[in-house]
Amino acid sequence: MSVSYPGARAPFAVAPPPSPSASSAKTLVLVAWILQAIAAAIFLGGIGFLVVYSVLYPYPFAALAVAGGLAAAVLLGAFLYLAYTLSFERIRNGQLAEAQTPTLIIGVLSLFAGVLPGIFYILGYVKIGDALREQSWWFPGGAPFSPAPPPPAPPVVCGGCGRSYAPGSAAFCPACGHKLVG
């Protein structure tokens, strides 16, 4: 027979719920990455065509063209890997602050290769900033931040009859006419 005990609870370990901006940032970065992957597949198809053409119909600088194309393919693969791990993975894991700068850098670099993925990365960067601002309104207890209400004012008491009234309701006691002291 086994006995189950409730798990340990940390009172302030509750993370804020994912914000809509964080979800939008994740979607934008994923769309940008998919567009880059499609462009990479097209580029690799071109490299493959170049390699096959160079083997079937050799020309004077065929080896140089193939080596340059393969080097470009390796750089493209490395760029896709870094974009996925430094930007999308971090956003998906909730590490928005760590993903903000790499997303901007990848977005700017992507503008040179393809305008559309670069725009999506930059929009993702903006949404990460929005999500970070939304998270700054949450404190570790997991509830939205709101200042504590002021404590209620003490009642005012009549010096003549001893009755108490709400503060600011009257300057003199309605029952006996004495000045209210508060």
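Structure's up top.
Residues numbered from 1 in each chain as written. Predicted model: local features only at pLDDT ≥ 70, side-chain atom pairs only at ≥ 80, totals over all residues. Heavy atoms only, no water.

> Sorry if this is basic, but what is going on with the overall build of the protein here?
Regarding its fold elements, the protein presents four helices and three strands. When the helices and strands of the protein are read in sequence order from the N terminus, they spell out α-α-α-α-β-β-β. Buried residues in the protein amount to 22% of all 182 residues. Across the protein, contacts joining residues at least 24 apart in sequence account for 53% of those joining residues at least 6 apart. (Helix = DSSP H or I, 4+ residues; strand = E, 2+ residues; numbered from the N terminus. Buried < 20%, exposed > 50% of the residue type's maximum accessible area, 1.4 Å probe, protein only. Contact = heavy atoms within 4.5 Å.)

> I keep staring at the pattern of salt bridges and nothing clicks. Help me out?
Two side chains that carry opposite charge are able to pair once their charged atoms sit near each other. Evaluated as defined, the whole model comprises three salt bridges. Note that arginine 92 is salt-bridged to glutamate 89, the shortest N-O span being 2.9 Å. With a gap of three residues between them, arginine 92 and glutamate 89 both fall in helix 2 (residues 62-92), about one helical turn apart. Residue arginine 92 is classed as partly exposed on the basis of its relative accessible area, which comes to 43%. Classification of glutamate 89 as buried rests on a relative accessible area of 19%. Between aspartate 130 and lysine 127 there is a salt bridge, and its shortest N-O distance comes to 4.0 Å. Pair noted here: aspartate 130 and lysine 127 are both in helix 4 (residues 115-135), with a separation of three residues, about one helical turn. When its relative accessible area of 23% is taken as the criterion, aspartate 130 is described as partly exposed. By relative accessible area, lysine 127 is classed as partly exposed at 28%. Connected through shared salt-bridge partners, Lys127, Asp130 and Arg133 make up one network. (Salt bridge = Lys/Arg side-chain N within 4 Å of Asp/Glu carboxyl O.)

> What's the story with helix 4 in this structure? I'm lost.
Each α-helix winds once per 3.6 residues, and so residues spaced three or four apart point in a common direction. Its 21 residues give helix 4 an end-to-end C-alpha distance of 30 Å, which sits within 8% of 30 Å, the value for a rise of 1.5 Å per residue. For helix 4, the full list of buried residues reads Pro117, Gly118, Tyr121, Gly124, Ile128, Gly129 and Ala131. End-on, the buried residues of helix 4 take up no more than an arc of 165°, which puts them together on one face. Across from the buried face of helix 4, at angles greater than 90 degrees, the exposed residues are Val115 and Arg133. (Expected span 1.5 Å × (residues − 1). Arc of directions from axis to C-beta.)

> What's the story with the packing of helix 1 (residues 20-56) against helix 4 in this structure? I'm lost.
Packed helices, taken two at a time, are described by their axes: the angle between them and the distance between them. Packing of helix 1 against helix 4 brings their axes to within 8 Å, and their N-to-C directions diverge by 165°. Taken as axis vectors, helix 1 and helix 4 run roughly antiparallel relative to one another. Considering how the two elements wind past one another, helix 1 and helix 4 form a crossing that is left-handed. Seen from helix 1, the contacting residues are Pro20, Ser21, Ala22, Ser24, Ala25, Leu28, Val29, Val31, Ala32, Trp33, Leu35 and Gln36; seen from helix 4, they are Leu116, Pro117, Phe120, Tyr121, Leu123, Gly124, Lys127, Ile128, Asp130, Ala131 and Glu134. Residues that form the contact of helix 1 with helix 4 fall into these classes: 16 nonpolar, four polar and three charged. (Axes fitted to C-alpha atoms, helices over the stretch in contact; angles between N-to-C directions. Parallel < 35°, antiparallel > 145°, perpendicular 65-115°, else oblique. Left-handed = near helix turned anticlockwise from the far one by under 90°. Nonpolar A, V, L, I, M, F, W, Y, C, P; charged D, E, K, R; others polar.)

> Can you help me understand the state of the cysteines in this one?
Disulfides are covalent bonds that link the sulfur atoms of two cysteine residues. Taken as a whole, this structure holds zero disulfides when the rule is applied. Cysteine 158 takes part in no disulfide bond, and the closest cysteine sulfur, belonging to cysteine 176, lies 3.2 Å away. We note that cysteine 173 lacks a disulfide partner, and the nearest cysteine sulfur, in cysteine 158, lies 3.6 Å from it. (Disulfide = S-S within 2.5 Å.)

> What is the right way to look at the sheet that holds strand 1 (residues 156-158) in this model?
Hydrogen bonds between backbone groups are what pair the strands of a sheet, and the pairing can be parallel or antiparallel. The strand order 2-1-3 describes an open sheet built from three strands, whose pairing is antiparallel. The open sheet has two free edges, formed respectively by strand 2 (164-165) and strand 3 (180-181), since each of these has just one partner strand. Across two bridges, strand 1 lies against strand 2 in antiparallel orientation. Each bridged residue has a counterpart across the sheet, and for valine 156 the counterpart in strand 2 is tyrosine 165. (Pairing = 2+ DSSP bridges.)

The values reported here are purely geometric and, on their own, carry no functional implication.
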